[in-house]
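For reference, the chains in residue letters:
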Amino acid sequence: MAGRTVDISALIDGRRLGPFNYKLIVLSWLITVFDGFDMMMISFTAPYMRDQLKLDQLMLGNLFSAGLLGMLLGGFFFSWLGDQIGRRPTVLLTSFLFGLLTIATGFAGSYEGLLALRFLDGLAIGGMLPLAWALNIEFVPSRMRSTVVTVIMLGYSIGTSIAGPMTVLLAPRFGWPAVFFAGGGGSLLAAGLLCWGLPESVRFLVSRGRDPARIAGILKRVMPEAGVDAEDRFILSNEVVTREPFKPRQLFEGRLLKLTPLLWVGYIASTLAVYFGANWGPIVLESMSFTRDTAAYVASIASALGALFGLLLMRFTDRKGALAVAVYPLLAVPVLVFVGLVRLSPSVFLPLQVLGSVLVAGGHFGILSIASIYYPTAIRASGGGWATSVAKVGGIAGPILGGVVLAAGLPAVRTYALFAVCPVILGVCAIGIARVVRRTAAPAAAQALPAADLIPRES
């Protein structure tokens, strides 16, 4: 007997989140906790490395940027790999790699060794995040995509926020390598859990025309209520099935011709601001006579609150689109200018500095939450991966520019006003993205392929 035609898009969009989705979100969240911890611990261990290995400001800037350069290249390569062989094997590969490389970093005894290992570690981290986003996006209704990506990235923010306290706890007693050993061990544990619970994306398999029996097997396990069979024909009614390999020109076809550049520019500006604050923030506060412990705790509090603000924003982003992403960066601008140019007492300066950092971080959550959602399934990993990799241009420039500005003798507090230009750019780009999406929504819907004999949606 001939099987039915099953529209995977309608099936996923018509259902609520179930136990499988929550398990997948938790697993993805867990690995991003250690991802964030791994990437940000360098900022808090930097003063200890500087003292032990006799590193100067420019060397520290190079260490910060080496990891970001690795993330840039890793995002290009592993996102391409994820669109070729699948999300699951690529996520597992990158997760185990960055756990092992983090542990190896703890054994580095020279500037050159640290530089090489930070670069290699960045390769793995840069590849993992966009793939985790893509995998989750492809299992949830389109109305919840931004929220789910933000929940996953809360793990990254929590990881960055605990890097400071963990460094304060471990580094003075056991040395800075102990922080890397703890982070790497946790990463390997999380990677092991992924082996147990991470499936392949059925949207990806359908978009690439893969074996229907494999698709049916995954759906039976993660969505048993769908009642599918290996004889069924699986389609994506609003996308074209293709076996062709990814080509960069696909990122600039149709409405993506405008969306991709706007996304890239806004993401670059946001990443520049975030990574300048993350890498140089503790050292800037130390230069203003705050203690090392205070600087670490302030950065951690700002990171945690930024994640909370980002989560609060996401329900508006799912309903209002990219326009909601513009709110936080445009609010951050006057706060950063005021903090950077007006002489303030420590009791006033610290709360306002935290507020400015929180708004910048919240805006960054906004832009990363939409980094993948406008791309078709067949190129979603590459679309999100390329956006994230290109954004690392700002991440690399932020630490380097910070080192140059501070080495030039500009008062450290002025850097807050100087880098306020970044949220201005992000806000303008988010407004531009919203306009393009609004103008092209009707034509895009009209181009959706008709579907027949589809599995009905849940009531």
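Residues numbered from 1 in each chain as written. Predicted model: local features only at pLDDT ≥ 70, side-chain atom pairs only at ≥ 80, totals over all residues. Heavy atoms only, no water.

**Q** Report on the nonpolar core, specifying residues and quantitative values.
**A** Counting 83 residues, the largest nonpolar core has Ile8, Phe139, Leu219, Phe234, Ile370 and Ile433 as its most contacted members. Among the elements that line this core, the one with the most residues is helix H5 (residues 111-137), at ten residues. In this structure, Phe234 is in contact with Val6, Ile8, Val206, Pro212, Ile215, Ala216, Leu219, Val228 and Asp229, ignoring residues within four places of it in sequence. In terms of nonpolar packing, the next biggest core, distinct from the first, is built from 59 residues, Met40, Leu114, Ala295 and Val354 among them. (Core = buried A, V, L, I, M, F, W, Y, C linked by side-chain atoms within 4.5 Å. Buried < 20%, exposed > 50% of the residue type's maximum accessible area, 1.4 Å probe, protein only. Helix = DSSP H or I, 4+ residues; strand = E, 2+ residues; numbered from the N terminus. Contact = heavy atoms within 4.5 Å.)

**Q** Can you break down the environment of Pro423 residue by residue, with the values?
**A** Summarising the element assignment, Pro423 is placed in helix H16 (residues 421-446). Separated by 230 residues in sequence, Pro423 and Leu193 place their C-alpha atoms 37 Å apart. With residues near it in sequence (within four places) discarded, Pro423 still touches Pro329, Leu330, Ala332, Val333 and Leu336.

**Q** Explain helix H3 (residues 57-85) to me, using residue names and the numbers behind them.
**A** When the terminal C-alpha atoms of H3 are compared, their 42 Å separation across 29 residues agrees well with the 42 Å that a helix rising 1.5 Å per residue should span. Along H3, the sharpest kink reaches roughly 30°, centred on Gly74. Note on H3: the residue one or two positions beyond its end, Gly86, has a positive phi of about 120°. (Expected span 1.5 Å × (residues − 1). Bend = angle between axes of the 7 residues up to and from the residue.)

**Q** Give me the lowdown on a positive patch on the surface, citing residues and values where you can.
**A** Taken together, the side chains of Lys258, Arg435, Arg438 and Arg439 define a basic patch exposed on the protein surface. In terms of residues, the positive patch owes the most to one element, H16, which gives three residues. Mapped onto the fold, Lys258 is located in helix H10 (residues 256-287). (Patch = residues over 30% accessible without salt bridge, like charges linked within 9 Å, V, L, I, M, F, W, Y side chains within 5 Å. Areas by Shrake-Rupley, 256 points an atom, 1.4 Å probe, with all protein chains shown as cover. Salt bridge = Lys/Arg side-chain N within 4 Å of Asp/Glu carboxyl O. Lys, Arg positive; Asp, Glu negative; His and termini not counted. Charge placed at Lys NZ, Arg CZ, Asp CG, Glu CD.)

**Q** Lay out the pattern of salt bridges in plain terms, naming residues and giving numbers.
**A** Summed over the entire model, instances satisfying the criterion amount to six salt bridges. Close ionic contact of Glu138 with Arg87 constitutes a salt bridge, the shortest N to O distance being 2.6 Å. In this pair, Glu138 is assigned in the loop between H5 and helix H6 (145-174) and Arg87 in helix H4 (residues 87-105), connecting sequence segments 51 residues apart. A salt bridge links Arg118 to Asp121; its shortest N-O distance comes to 3.6 Å. Of this pair, Arg118 and Asp121 both sit in helix H5, three residues apart, which is roughly one turn of that helix. A relative accessible area of 1% means that Asp121 is categorised as buried. One salt-bridge network, in which partners are shared between bridges, spans Asp83, Arg87, Glu138 and Arg380.

**Q** Please give an account of the packing of aromatic side chains that cites residues and values.
**A** Taken as a whole and assessed by the stated rule, the structure comprises twelve aromatic pairs. Seen in terms of ring centroids, Phe77 and Trp80 are 6.1 Å apart; in terms of plane orientation they differ by 35°. Their pairing is tilted. Remark: Trp80 and Phe77 occur in helix H3; sequence separation between them is three residues, near one turn of the helix. A ring pair is formed by Phe107 and Phe181, whose centres lie 5.0 Å apart and whose planes are at 50°; its orientation type is tilted. With Phe107 in the loop between H4 and H5 and Phe181 in helix H7 (residues 177-197), this pair connects stretches of sequence that are 74 residues apart. By the ring-pair criterion, three or more aromatic residues cluster together here, those being Phe76, Phe252, Trp264 and Trp386. Against the face of Trp196 rests Lys23, its NZ or CZ located 5.1 Å from the ring centre. (Phe/Tyr/Trp six-rings, centres within 6.5 Å; stacked < 30°, edge-to-face > 60°. Lys NZ or Arg CZ within 6 Å of the ring centre and 35° of its normal.)

**Q** I'd like to hear about a nonpolar patch on the surface, residue by residue, with values.
**A** A contiguous nonpolar patch, built from Tyr297, Ile301, Leu305, Leu308 and Leu312 and spanning about 450 Å² of accessible area, is present on the exposed surface. When you line up the elements, Tyr297 lands in helix H11 (residues 292-320). Residue class for Tyr297 comes out partly exposed when judged on its relative accessible area of 41%.

**Q** Which residues make up unusual backbone geometry, and what are the values?
**A** Backbone geometry at Lys54 places phi at a positive 60°, although glycine is not the residue there. Among the secondary structure elements, Lys54 is positioned in the loop between helix H2 (19-53) and H3.

**Q** Explain the environment of Gly127 to me, and be specific about the residues and the numbers.
**A** Inspection of the secondary structure assignment puts Gly127 in helix H5. Considered as a pair, Gly127 and Val91 are 36 residues apart in the sequence and their alpha carbons are 7.8 Å apart. Once you skip the residues sitting within four places of it in the chain, Gly127 turns out to touch Gly74, Gly75, Phe78 and Thr94.

**Q** Help me get a handle on the packing of H6 against H7, residues and values and all.
**A** Relative orientation of the contacting elements H6 and H7 amounts to 130°, with a least axis distance of 7 Å. As the angle between them shows, H6 and H7 are arranged oblique. Note on element contacts: H7 touches H6 through Ala178, Val179 and Ala182, opposite Met166, Thr167, Leu170, Ala171 and Phe174. In the contact of H6 with H7, the residues fall into seven nonpolar, one polar and no charged. (Axes fitted to C-alpha atoms, helices over the stretch in contact; angles between N-to-C directions. Parallel < 35°, antiparallel > 145°, perpendicular 65-115°, else oblique. Nonpolar A, V, L, I, M, F, W, Y, C, P; charged D, E, K, R; others polar.)

**Q** Requested: an account of the side chain of Thr388, with residues and values cited.
**A** By the secondary structure assignment, Thr388 is in helix H14 (residues 380-407). In this structure Thr388 comes out as buried when scored by relative accessible area, which is 5%. Engagement of the side chain of Thr388 in a polar contact is seen with the backbone oxygen of Gly384, the distance being 2.8 Å. Those residues in contact with Thr388, other than ones at most four positions away along the chain, are Pro130, Trp133 and Tyr267. (Polar contact = N/O pair within 3.5 Å; in protein donor to acceptor, adjacent residues only side chain to side chain.)

**Q** Mind laying out H5, listing which residues take part and the relevant values?
**A** The terminal C-alpha atoms of H5 lie 40 Å apart, and with 27 residues this matches the ideal 39 Å at 1.5 Å per residue to within 8%. Here H5 lies mainly inside the structure; 20 of its 27 residues are buried.

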